[in-house]
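Analysis of the macromolecular model
The chain contents come next:
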Amino acid sequence: MTQRDRTTSSPDSPVDVIVVGAGFAGLALLRSFRDERGLTVTVIEAGDDIGGVWYWNRYPGARCDVDSTDYSYSFSPELDATWDWTERYAAQPEILSYIHRVAELYDLRRDITLGVRVTEAVYDEQADLWVVRGDDGSVVSGRYLVMATGCLSAVKRPDLPGVEDFTGTVLHTADWPKDKVDLVGKRVGVIGTGSSGIQVIPEIAPVVAELVVFQRTPTFSVPAHHYVLTDADRAAIRTELPARRERLRRSSTGLSVPANPRSALEVTDEERQAYYEEQWNSAGFGFLLAYSDLLIDQAANDTAADFIRGKIAERVDDPATAALLSPRTYPYGAKRPCVDTGFYETFNRPNVTLVDISASPLVKVTETSLHTTTSEYGLDVIVFATGFDAMTGSLLRPDIRGRGGQPLRQHWASGPLTYLGLASAGFPNMFVVAGPGSPSLLGNVMVSIEQHVEFLADLIMSSRAAKTPVIEAEPEAEAAWVAHVNRLAQGTLYLAAASYYLGAEVPGKPRVFMPYAGGLRRYRRECEEVAADGYRGFRRTSTAEGN
Ligand code: N01
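Another point: the overall build of the chain. If you tally the helices and strands in the chain, you get 16 helices and 20 strands. The C-alpha atoms of the chain give 24 Å as radius of gyration, which agrees with the globular expectation for 547 residues (24 Å, within 12%). Once the C-alpha set of the chain is aligned to its principal axes, its extents read approximately 70 × 55 × 50 Å. Taking all 547 residues of the chain together, 59% fall into the buried category. Across the chain, the fraction of contacts at a sequence separation of at least 24, relative to all contacts at a separation of at least 6, is 73%. Carbon and sulfur atoms make up 51% of the accessible area of the chain, which amounts to about 21,500 Å² in all.

In structure tokens, the structure reads:
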């Protein structure tokens, strides 16, 4: 039987759990549900191989920006014992190798169907089953449907007239070709300066003939302080790993970087500058934790933003370019901050030009060029580093229908509605990992994934044991959770930026703050309280057939 044949199970032979997506979340679900809980699981994956975002995002320079050790599964001492990271921030090929290693160690591939994109999932109320269709015509049914489709996976391609006429190469960082792309000596235009753009730009600048960077909004970035791990580093990591994992589990961010509990405004200017300098020289992503109020107090935030702008001015030779690269329209951290290796210095190279497309927007592509309202740029390659339809894109692109045939697209027409970020009222037995309403994007997503998987596994197993396997978020619990998530955001500066947290990345998308801003520790506690309270907020019933 081929892998593809396996999805063509008929609705008469349902599995316990259908998982959509074979990235970090999907693989963790499969291992936990199948190997620890004894459920039958089938995973459906659109890519031709496992890995999720780490399969698709193969652009030069792609690597994680959380320490590799923290960006890995914590469930298995056996896995830890056989894996050593080579660099502080692992590059995409190494992360993919790690994912392959996990699949091999736990024999995961036998329950994964590759190369099938789920186009439709419909809840059959008579049978209390999800019926899931793939783009190859295959159908699979199961009691539970878990969307492990990732919050940053639905690729966003801006609607630029004429792209199809371009005779050069058009690439997207999140859908980079598997075969090596030769950029040597080419004239390359990169659109976008988010995390992906910031990684690809310094990587390709030394080899291309000309690099034109089209920037709409400048990004705050601090040095990553990337390095190759030595044997001594690895030995030290190994020794402290159990304690480090526990610290991460109980932290608010899922990061190893300690959060400073002090306010930026309670120290003298000299003390603050010295501390920022120290953090600048070591913290990487953790610079955001330099003071406790950077994301809640504008004056505190200004001190960090000014510091970073000062550093940009030091790193970029041309003052006009430095000014263009300096964010001034939103608080530091209100859009997802970046860490970089040589991003700003790249603009000191003679072959690199920065184009401000907020002043002169892109208007069209012709056979040979990219045009703004004021200029034309002849290019051989256009790289879209324009990101994703974040959080909801991967959940709304397939047609998901719950009770009464209600489309999820309709239920979420004014923004995503979830209980705990995990379930939605009217969609029984459908769950989401790292979805809207959960902390996912505001911390180390690996920690969130593992917590979600454990919570869902316990919820499903206890419901089955109680002969009430049909689990559905109560509408009141959902409404209260959405209000809670909104309230948490209102106490922050997140609302002061047109970010993908708020749905601002896609024209016409509802402007709703989607992630849970209370931190991983508080979220975990809230989930634990829900479970201890008999899974308060979930209605659990037997099936229509009385099973
Ligand atoms: O996407 P982004 P990304 N015309 O949305 C611009 C994770 N990640 O792929 O800000 C012109 O951040 C857009 O401009 P603006 C990480 O969570 C992690 O870079 O909308 N420009 C912006 O500059 C990250 O946050 C890692 O004005 C357009 C850029 O494109 C997330 O993925 C590495 C445009 C998009 O930035 C997404 O990062 C990479 C248009 N129509 C990614 N549309 C690591 O772990 C968008 N832009 C290191």
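Looking now at the nonpolar core. Counting 132 residues, the largest nonpolar core has Phe24, Phe33, Leu211, Tyr332, Leu420, Phe455 and Phe538 as the members making the most contacts within it. No other element matches the eight residues that helix 14 (residues 445–465) contributes to this core. Excluding anything up to four places from it in sequence, Phe24 contacts Trp54, Tyr71, Tyr73, Ile95, Tyr98, Ile99, Met446 and Ile449. Counting 21 residues, the second largest nonpolar core, distinct from the first, contains Val116, Val132, Met147 and Ile400.

Next up on the list: the site of the ligand. The immediate surroundings of the ligand are formed by 24 residues, with Ser196, Arg216, Thr217, Lys335 and Tyr500 found nearest. Between the ligand and Ala385 there is a distance of 3.3 Å, counted from an oxygen atom to a backbone nitrogen or oxygen. Within the complex, 85% of the 920 Å² of free accessible area of the ligand lies under protein. Ranked by residue count, the leading element in the shell around the ligand is helix 6 (residues 195–204), at three residues. Here the residues of the shell around the ligand sort into nine nonpolar, nine polar and six charged.

Moving on, we get to the packing of aromatic side chains. Tallying each qualifying case throughout the model produces 37 aromatic pairs. Linked through ring pairs, Phe24, Trp54, Tyr71, Tyr73, Phe75, Trp83, Trp85, Tyr98 and Tyr106 together constitute an aromatic cluster. When the ring centre of Phe75 is taken as origin, the NZ or CZ atom of Arg31, which lies over that ring, is 3.6 Å away. Between the NZ or CZ atom of Arg58 and the centre of the ring of Tyr55, over which it lies, the distance is 4.5 Å.

Bringing the sheet that holds strand 16 (residues 381–384) into the picture now. Either a parallel or an antiparallel arrangement is found when strands of a sheet pair, and the pairing is made through backbone hydrogen bonds. The strand order across the open sheet built from five strands is 7-16-8-9-12, with neighbouring strands paired in parallel fashion. A strand with exactly one partner marks an edge of an open sheet, and here the two such strands are strand 7 (169–172) and strand 12 (352–356). Each strand of the sheet is rotated relative to its neighbour by a mean of 20°, with strand direction disregarded. Two strands pair when backbone bridges link them, and strand 9 (residues 210–215) and strand 12 are joined in this way by five bridges, in the parallel orientation. If you follow Val213 over to strand 12, its bridge partner there is Leu354. Contacts from helix 6 reach strand 8 (187–191) and strand 9 within the one sheet, and its direction differs from that of strand 8 by about 165°.

Attention shifts here to empty space enclosed by the protein. Counted by the stated rule, this structure contains five cavities of 30 Å³ or more. Considered as a void within the structure, the largest cavity measures approximately 170 Å³ in volume. As for the largest cavity, its lining consists of 13 residues, of which Trp83, Asp84, Trp85, Ile237 and Leu241 are closest to the centre. Breaking the lining of the largest cavity down by element, the ones donating at least two residues are helix 4 (77–81) and helix 7 (231–250). The residue makeup of the lining of the largest cavity, split by class, is six nonpolar, two polar and five charged.

The next point concerns helix 8 (residues 269–280). With twelve residues, helix 8 should reach 16 Å at 1.5 Å per residue; the first-to-last C-alpha distance of 16 Å fits that figure. Those residues of helix 8 that fall on the buried side of the exposure criterion are Arg272, Tyr276, Gln279 and Trp280. Seen along its axis, helix 8 keeps its buried residues to an arc of 100°; they face one direction. Packed against the buried residues of helix 8 are strand 10 (221–223) and helix 9 (298–315).

So, how was this worked out
- Residues numbered from 1 in each chain as written.
- Predicted model: local features only at pLDDT ≥ 70, side-chain atom pairs only at ≥ 80, totals over all residues.
- Heavy atoms only, no water.
- Helix = DSSP H or I, 4+ residues; strand = E, 2+ residues; numbered from the N terminus.
- Rg over C-alpha atoms; globule rule 2.2 N^0.38 Å.
- Buried < 20%, exposed > 50% of the residue type's maximum accessible area, 1.4 Å probe, protein only.
- Contact = heavy atoms within 4.5 Å.
- Areas by Shrake-Rupley, 256 points an atom, 1.4 Å probe, with all protein chains shown as cover.
- Core = buried A, V, L, I, M, F, W, Y, C linked by side-chain atoms within 4.5 Å.
- Near = heavy atom within 4 Å.
- Polar contact = N/O pair within 3.5 Å; in protein donor to acceptor, adjacent residues only side chain to side chain.
- Nonpolar A, V, L, I, M, F, W, Y, C, P; charged D, E, K, R; others polar.
- Phe/Tyr/Trp six-rings, centres within 6.5 Å; stacked < 30°, edge-to-face > 60°.
- Lys NZ or Arg CZ within 6 Å of the ring centre and 35° of its normal.
- Pairing = 2+ DSSP bridges.
- Axes fitted to C-alpha atoms, helices over the stretch in contact; angles between N-to-C directions.
- 1 Å grid on protein atoms, 1.4 Å probe; cavity = no way out; pocket = protein on both sides within 12 Å on 5 of 7 lines; lining within 4 Å.
- Points joined across faces, edges and corners; volume = space filled by probe spheres on them.
- Expected span 1.5 Å × (residues − 1).
- Arc of directions from axis to C-beta.

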